[in-house]
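Structure at a glance
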Amino acid sequence: MKDYLLKATAYDGKVRAYAISSTNTVEEARRRHDTWATASAALGRTMTISAMMGAMLKGDNSLTAKVEGNGPIGAIIADSDATGDVRGYVTNPHVDFDLNEKGKLDVARAVGTEGNLSVVKDLGLKENFTGQVPIVSGEIGEDFTYYFANSEQTPSAVGAGVLVNPDLSILASGGFIVQVMPGADEKVINRLEEKIQGFPAISTLIREGNSPEQILERLFGTDDVTIHGRLPVRFQCRCSKERVERAVLGMGRDEIQNMIDEDHGAEATCHFCHEVYYLSEQELETLKQSADH
Ligand code: ZN
């Protein structure tokens, strides 16, 4: 099954919902960054939620979510946009712990329970929108729930889960975001709370082969949901050799000469996707000639 997400409304438009299957996207991140199981879950949950938040944007707007706790994983960064492209990385990919007392990957231990979650949105305006909240549990889903309530004043339920195979590849990954629109009555909210409290683990639902459509159906029933859009989701980075060349060009002639003299070339690794770019001595010479200073 290819990764995709759905945008929907339910309960006569009183509720906005997103559901996503992201197994391949998270697997691509795992493969690129060589994340161990607990780190894969932490990064995967963050990327899964970020992909859905990207779908809330329009046009070429984009966002960056950053979870910076006091745990051994360091920072978790995920970028997403309105087209379903998402990319991400963690400071320390080699983090793994025993399962927690619930038998789940111990994401909170990897992330830490103190720190901040921030979201920066590039909406094409003069200034970016920035929202920041403290980490509340380090389990990611709860942290984004808190973010939506406190930074965006939108009561939300956020679920994201990742299951990892014994060989560390990703078995299943997915998530949902359910948001209550202004004017929703108490009855709708209560019905929703009940549903979500008894809701099975989202990663289990994905592993069992449930599609995003089926996840929405389980949340709202068949009659109450209207699907407004479907978006393919993939791990996609924006780096390129041209961007690396531009960055090197900006360093100036002396610095480029240093690279030629000392390293006989240059190597740059993209944080987001771990792609390695090489520039030969020859290529550096060419760049040096068009450098401004
Ligand atoms: Zn990249």
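Above: the structure in question.
Now for a quick tour of the structure. (Residues numbered from 1 in each chain as written. Predicted model: local features only at pLDDT ≥ 70, side-chain atom pairs only at ≥ 80, totals over all residues. Heavy atoms only, no water.)

Now for the sheet that holds strand S1 (residues 4-10). Within a sheet, adjacent strands bond to each other through the backbone by hydrogen bonds, running parallel or antiparallel. Judged by pairing direction, the sheet is antiparallel, and its five strands sit side by side in the order S8-S9-S2-S1-S10 without closing on themselves. Here the strands that pair on one side only, and so sit at the sheet edges, are strand S8 (156-164) and strand S10 (225-232). Within the sheet, the average angular offset between the axes of one strand and its neighbour, ignoring direction, is 10°. Most of the contacts of helix H4 (residues 141-151) go to S8, to which it runs at about 160°, and overall it touches S8 and strand S9 (170-180). Set on the sheet, helix H7 (residues 212-220) makes contact with S1, strand S2 (15-21), S9 and S10; between it and S2 the angle comes to about 140°. (Pairing = 2+ DSSP bridges. Helix = DSSP H or I, 4+ residues; strand = E, 2+ residues; numbered from the N terminus. Axes fitted to C-alpha atoms, helices over the stretch in contact; angles between N-to-C directions. Contact = heavy atoms within 4.5 Å.)

If you trace the six strands from one edge of the open sheet to the other, you get S7-S6-S3-S4-S5-S11, paired in mixed fashion. Of all the strands in the sheet, the pair left with one neighbour each is strand S7 (129-134) and strand S11 (234-235). Pairing geometry for strand S3 (residues 62-69) and strand S4 (residues 75-81), over seven bridges, is antiparallel. In the sheet register, glutamate 68 faces S4, and the bridge partner there is alanine 75. Of the strands in this sheet, S3, S4, strand S5 (85-90), strand S6 (115-122) and S11 touch helix H2 (residues 37-54), which is tilted by about 30° from S4. Relative to the sheet, H4 contacts S3, S6 and S7, its axis offset from that of S7 by approximately 120°.

Of note, aspartate 12 is a non-glycine position whose phi angle comes to about 55°, a positive value. Position of aspartate 12 relative to the elements: it lies in the loop between S1 and S2. Relative accessible area serves as the criterion here: at 74%, aspartate 12 is assigned to the exposed category. Within the chain, leucine 168 stands out as a residue other than glycine whose phi angle is a positive 80°. Inspection of the secondary structure assignment puts leucine 168 in the loop between S8 and S9. On the basis of relative accessibility, which here comes to 27%, the residue leucine 168 falls in the partly exposed class. (Buried < 20%, exposed > 50% of the residue type's maximum accessible area, 1.4 Å probe, protein only.)

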